[in-house]
Each structure stands twice: as C-alpha cells, then as structure tokens.
Amino acid sequence: MTEKASGITEPQPRGAVIRGNHPVDQSEAAGRFMAAPIHQKMHDARLWDLRQKRDAEMHIIPEWEDLRQLASDIKQHTLTHLDQYLEQFETNAKVNGIHVHWAKDGQEHNSIVLEILKKHGAKKLIKSKSMLTEECDFRHSMAENGISVIETDLGERIQQLDGEMPSHVVVPAVHKLRSDVAQVFSKTLGTDPDNDDVHYLTEQQRETTRPLILDADAGMTGCNFAVAETGTVVVCTNEGNADLSANTPPLHIVSMGIEKVIPRLDDLPVFVRMLSRSALGSPITQYTSHFRGPRKGGEMHIVLVDNGRTTRLGMEKFWTSLKCIRCGACMNTCPVFRRSGGLSYGATYAGPIGLILDPTFNKHKYRNLPFASTMNGSCTNVCPVKINIHEQIADWRKELASVGEIPFAKKAMMKAAGEILASPKLYRAGLPLANSTLRHLPRFMLYNRLNTWGRGREMPHAPRETFHQWYARNRAGKKKDVSE
Amino acid sequence: MSSRDAIFEAIRRNRPAGDFPHPVVPLFDDAPPQDLRPQFIQTLQRMGGKLSEPRNGDPFADLKDMQAQNPGKILSVVPEFQGDTSLEDNTLPADLADVEIGVVRAAFGVAETGSVCFTDRLLKINTLGYLPQHLFVLLDPAKIVFNLHNAYKQPEFREGHYAVFHTGPSATADIEGVLIRGAQGVRSLNVIFMPG
Ligand code: SF4
C-alpha cells in the first residue's frame, strides 16, 4: 500500500451549536461550512454526482413513474390501515419465533434493549446504521449503562469515533474530507496520521472492526421494510455489516419504526427497486437481507417504536411524511443541503425531509429549519414515494407563524415577500416574471445575517436572475434531466 | 395501559380517514429477453461481481488460481467442489473468520440487478456469506429470473428464516465517494454457471 497524503489541511467545519431547547441557528452553521471551500466543494460535487447517477438509473427503468405512484399508494394504504398491518406483522413474526416489543418513545426503546441485553449478560453490542437509534440517542444511553456499542458501518463508525451525529441518512460522513478521517482514525485507532489514502483508511476500519464483530455478545440492525404477510424484516446495506451484526453473535435485536411495515411480499420489490437507485444510483444495495426468524441456536427480538409517529399520523398536512423510506435523494438534490452540510441542521434529520420531520419533534427548537429552503421543489421531484416535501415546508412556515414561532427576521421576510415566499406555487410562478419583486425586497432579506443564501456567492447575482435561472446557468455544463 | 395498547389506540384515533385502496403491483415483465444471462452478467459486473468461466474444461480453474495465490482454508458447502475444511455440529458463526474462500450455491439469480439469492439452508451457517475473504457461487443459469417482482415470487421468501440477495462483493464509498470493493464482508464474489 503506497503512502499518500492529500496535503489538505483545511479544518473541518463543525455543525450547528446546540444550546438546550434554544432554536438551532442553521444559517450560522451553514455560513461556517460555506467558509470552508474545500469541504464545501467536495460535498456539493459528491452529492450532485449521486443525484446524476440516480437520474441515469431512473432513465433505464421505463416504469419508474409507475413505481413511484405504486410506492406512494402502498404507503398511504398501509398508513391508513396501520393498526391492521402492525397486528398482522406481530402475529407472523411471533409464529416464526421472534420476540416482539413495543416502545412509545426513544427512552422506552432503550430500556427494552437494555433489559434484553441484561438477560443475556451481554456487554458488547455491534450494530449497523439506523436513523431510529439516532432518534433515541441510543449509544449515549447504553454507555451510561455500561454497554459498549460499536457502529460497524464505515461512515457511521467515523462519526461515532469523532463524536458527531451522522450528517446524511445514507452517507453519514459525507461532509468529511479524507484528511479529516485520517485525523479521526489516527487519534482513535492509532493509524498513520499522514496517510489519508482512502483504501488505507477503509482497510484500517475493516481490520479494527472485525475482532469486535467476532467478539460481540449481541448485534443490532435497523429495518428498511417489514412485511406484514410474512413477518419479515428487510435490511438494505452495502458493506455487509448488517448481516455480520445479525448473524455473528447469538442475539439479534431489530429497532424499527412502526411506519416501516408494508402489507405483502408483492409490495416489496416496488421499494427495493427504487431505494438504492434513488439513494446512490445503483440498481440495488450489495446486500438485501430478509430476516424471518432467529437462526438455529440464536434469538431474535424486534422493538417497534412510535416516538412521535402516531402523533404525526394525525397531522392533516404532514402525515404523508411517514411514507419516507430514508433514501436521501431529497438531500442530494437540495442546493441548500449540498452547500451547508447536514450537521448545520443540528437535528437527527437534515435536508428537505428534516425540515418537515424535525419540527414534529420540537417546534421551538427547530423553528428555523423550514426556512432553510429555496422552495425549488426539486426534493419533491426526486422523492421515490412522492412526498410533497416543498409544499409541506411551506405549510410548516404557516404553521410556525400561527403558533408564534416565526423568528423576527423571518417574520419581516415573510411580510415583505408576502405569500410569495410562503407558497411554492406562487413563488415559482411569480419569480421569473418578477425579478423586480426580488429586487424590491428589503436589503436585509438578501444580506441579513440570518439569511445564509444572501451571504453565499449566489444571491449577489440574484437581483437580475432568479435562483433557478442562476442555478441553471451555473450548472449548464453538467447534464441534468430532472428539473431542479 | 401497555405501550402496545397506547400505540394502537393512538393509531386508531389519528389515522387519516378516506379511501386509500391497496394497489395491485404488476410484474412489469412484458418483454423479457429469451436469454437472461447477458443482462445478469452485465449487471453483476457493474456491481463489482465476476463471472468465473471454465478454462480447459475446468469450471473451478479460477477458484484454484485464487487458492494458489491466497493460501488459506476453503470451506465448500456444495457437493460439486471439495474444500479442505468442513462444518462440524458445534461450529459457531464466528469460527468462519479464518476461511479464505467460501463456496456456496445460489437458489436463483436476478437479471435486473445481477443478484444471487442465498438462504440459511444453502449457507448452512449464515456467516459463510460474509466472513470469508472471497466467495464462489454456483448458479444454475436456468434459474435466473427477469426482475425483482419475479424474484419475490420465489418460495425462498416464505420458507426458512433467512434469505439474502448478494449483488457483487461488499462495498463502501463512505469516504469522499471513493468506491472500495471489500468493505466488511467478502472482497470478491465470483459466479460460476453450473446446472444444479
Ligand atoms: S423524503 Fe423522499 S427523497 Fe427524502 S429521504 Fe424520504 S423518501 Fe427519500
């Protein structure tokens, strides 16, 4: 292995400053990310590349739009009959010998898992990536109880070792340069700090994680889909780490949100065909694993978690956000996300899906997030389950206004721009004609400290062209097929 | 009230009313090619998998080459090839960590994605799919299905406790998008066409 150093020394910009329940200032953190040009450029290019690969895959599947409609219909059907399908799933999983548990929130999830581990005298847990366990602040809670938790996904492991949250649902460390990873690994795994060759770093993680996998008492995975008809848990990964976590130790625990259930095996291919194509632009993940029961001599548990989902189900404008399959396509396509990095959102979920999920957890803390959007609608266009993301973002702005959670600067901004900025339809229809509208907005709206999009490179050009026009021009050299 | 009851109660209280029918999912297999092998091979290779073709009439020529280059245990769970180590009744999943090459038969393949399907019955011990450094897979070319809709019609998903699609070897692109084959699982996946 040749030793290589990229020679890049730009320090990694850190995420949003979290101060208790204080509203997270996404634009402040975004500003720092944009002030780190090497990081920002790599991040933007990497995610745009994923978006383009997604488009290429979409074009070779003639039934792509049919699949999106089917996925949306299946999810809406399941969510409106959720009690029925959860009962069916539970019954079938139990018949196959799986232990089923129910947790109303993250805390209960953590104590159920702790109970299971204690019963087995298990102290060492290996796990694969799961956004739900991030919601539950799972690792932290286990550490307090003397359980060592090892993340086995490379990106998630990097984030664990660096004490950061994942910045993206699919590629958790996408905001880091190889030089950042080399630093983290040298401090924590004792690797060569001057070698930031990606092969070297990946191999180091493989070699240091493997003994921990072989030695673990228990393994935990998330769940991408759960089939009610057969009681099957489906997990999609590329590294093989979920299968190692589930199949090596004698105990397998699955953490699953209650919205993951789908009715039948026949529904499953609709989602499997679109998940990795939307996420990474590959036809399928390297591993698509179906667990229907414990393996011989092993034990399998599923913890079904609500953590706000049933409340969301009752929100007239926002319940369809439960259709989300966490593919990350909306993040990859979002100009704000690509330029500001996932950690700037200071929440479990970043990017467009985060803007509509995070306020359901805490309206006050995440009240700024629905403003971190250009409302270009690109997220909605790429979403494989057809969530009307940008319309829900607009609805969140109105909702926050109605409960007095609109920050001062944004209040002024919304007043100045009137309904235009609150309504994506008006915004898109109005702007191309009305550069004048934008030009006559108060100066502070474009250059306000809180408005990152005025501080970035783009807005100073904006008075004579819309963001869309600017974007199309600046992206002119790059092929793109789906409207941004 | 138990958490289970509370969750069901909340769902029944909150679930949106309205007519949301369950759609019928078509198979989308109107015009499959006669020979599914070319598409299977193309996608397999794109996903980093290899097609291992016979040389001098020996279907296992590549396997033997690999064995010569990477000395270590070979564990075969197929009758067509003799390994040099075998499973005992008390073999534990982690015991396969020092296997260099695993040999296993796939239940079927999927042309759309270049995937092969394994089950707990075929793997004997599930970690055989992950802990060896390299995997050789026997696949009956007559058992390639056109797409994933057809794949999920196969009985493997209603029997046994574990079924998995492997599509090429393990991979990651988690650092700056640089694609590395051989992340946590096998470093290579090699398919040998062999009726069975
Ligand atoms: S909202 Fe849609 S595009 Fe975004 S992560 Fe969820 S499924 Fe993917």
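Residues numbered from 1 in each chain as written. Chains lettered and ligands numbered in written order. Predicted model: local features only at pLDDT ≥ 70, side-chain atom pairs only at ≥ 80, totals over all residues. Heavy atoms only, no water.

A. Focus on the overall build of chain A. Broken down by element type, chain A carries 25 helices and 10 strands. Each of the 484 residues in chain A was classed as buried or not, and the buried ones make up 67%. When contacts within chain A are restricted to residue pairs at least 6 apart in sequence, long-range pairs at least 24 apart make up 76% of them. For chain A, the exposed area adds up to about 16800 Å²; of that, 52% sits on carbon and sulfur atoms. (Helix = DSSP H or I, 4+ residues; strand = E, 2+ residues; numbered from the N terminus. Buried < 20%, exposed > 50% of the residue type's maximum accessible area, 1.4 Å probe, protein only. Contact = heavy atoms within 4.5 Å. Areas by Shrake-Rupley, 256 points an atom, 1.4 Å probe, with all protein chains shown as cover.)

B. Summary view of the sheet that holds strand β3 (residues 99–105) of chain B. Residue and element names in this part refer to chain B. The sheet built from five strands is open, its strands ordered β1-β11-β6-β3-β2 with parallel pairing. Bordering the open sheet on either side are β1 (50–51) and β2 (73–76), each of which pairs with just one other strand. The pairing of β3 with strand β6 (residues 134–139) spans five bridges and is classified as parallel. From the neighbouring strand, Val104 faces β6, where its bridge partner is Val137. (Pairing = 2+ DSSP bridges.)

C. Structural view of the confidence of the model for chain A. Considering every residue of chain A, the mean pLDDT works out to 87; 83% of them sit at 70 or more. Here residues 429–467 of chain A is modelled with pLDDT under 50, and outside its nearest four sequence neighbours on either side it reaches 63 contacts, counting other chains as well. (pLDDT = per-residue confidence, 0-100.)

D. Seen up close, unusual backbone geometry. Residue and element names in this part refer to chain A. Although it is not a glycine, Asp137 adopts a positive phi angle of roughly 50 degrees. Note on placement: Asp137 falls in the loop between α6 (131–135) and α7 (138–144). The partly exposed category is assigned to Asp137, whose relative accessible area is 44%. In this structure, Asn307 takes a positive phi of about 40 degrees despite not being glycine. With respect to the helices and strands, Asn307 occurs in the loop between β10 (299–305) and α13 (309–313).

E. The arrangement of the packing of helix α16 (residues 351–361) of chain A against helix α18 (residues 389–402) of chain A in detail. All names here are of chain A. Interaxial distance between α16 and α18 falls to 9 Å at its minimum, and their mutual angle equals 40 degrees. Taken together, the axes of α16 and α18 lie oblique to each other. The handedness of the crossing between α16 and α18 comes out as left-handed. From α16, Pro352, Ile353, Leu355, Ile356, Pro359 and Thr360 reach across to α18, where they touch Ile389, Gln392, Ile393 and Trp396. In the contact of α16 with α18, the residues fall into eight nonpolar, two polar and no charged. (Axes fitted to C-alpha atoms, helices over the stretch in contact; angles between N-to-C directions. Parallel < 35°, antiparallel > 145°, perpendicular 65-115°, else oblique. Left-handed = near helix turned anticlockwise from the far one by under 90°. Nonpolar A, V, L, I, M, F, W, Y, C, P; charged D, E, K, R; others polar.)

F. Representation of the packing of aromatic side chains within the structure. Applying the stated criterion across every chain yields a total of 14 aromatic pairs over all chains. Between the aromatic rings of Phe291(A) and Tyr162(B), the centroid separation amounts to 5.2 Å while the plane-to-plane angle is 40 degrees, which identifies the pairing as tilted. In this pair, Phe291(A) is assigned in strand β9 (residues 287–291) and Tyr162(B) in strand β8 (residues 162–166), connecting two distinct chains. Exposure class is identical for Phe291(A) and Tyr162(B). Each is buried. (Phe/Tyr/Trp six-rings, centres within 6.5 Å; stacked < 30°, edge-to-face > 60°.)

G. Broad picture of the site of the ligand. Lining the immediate environment of the ligand, one finds Cys324(A), Ile325(A), Arg326(A), Cys327(A), Gly328(A), Cys330(A), Ile353(A), Cys383(A), Pro384(A), Val385(A), Ile387(A) and Ile389(A). Its residues placed into classes, the shell around the ligand shows 10 nonpolar, one polar and one charged. (Near = heavy atom within 4 Å.)

H. Inspection of the nonpolar core at higher detail. If you look at the biggest cluster of nonpolar residues, it comprises 82 residues, and the most contacted ones within it are Phe225(A), Leu268(A), Val270(A), Phe271(A), Phe108(B) and Phe165(B). Among the elements that make up this core, the one with the highest residue count is helix α12 (residues 268–279) of chain A (seven residues). Look past the residues within four positions of Phe108(B) in its chain and what remains in contact with it is Ser115(B), Val116(B), Cys117(B), Leu139(B), Lys143(B), Val145(B), Ala151(B), Gln154(B), Glu156(B), Phe157(B) and Phe165(B). One finds Ala228(A), Ile258(A), Phe40(B) and Phe118(B) within the second-largest nonpolar core, a separate group that totals 66 residues. (Core = buried A, V, L, I, M, F, W, Y, C linked by side-chain atoms within 4.5 Å.)

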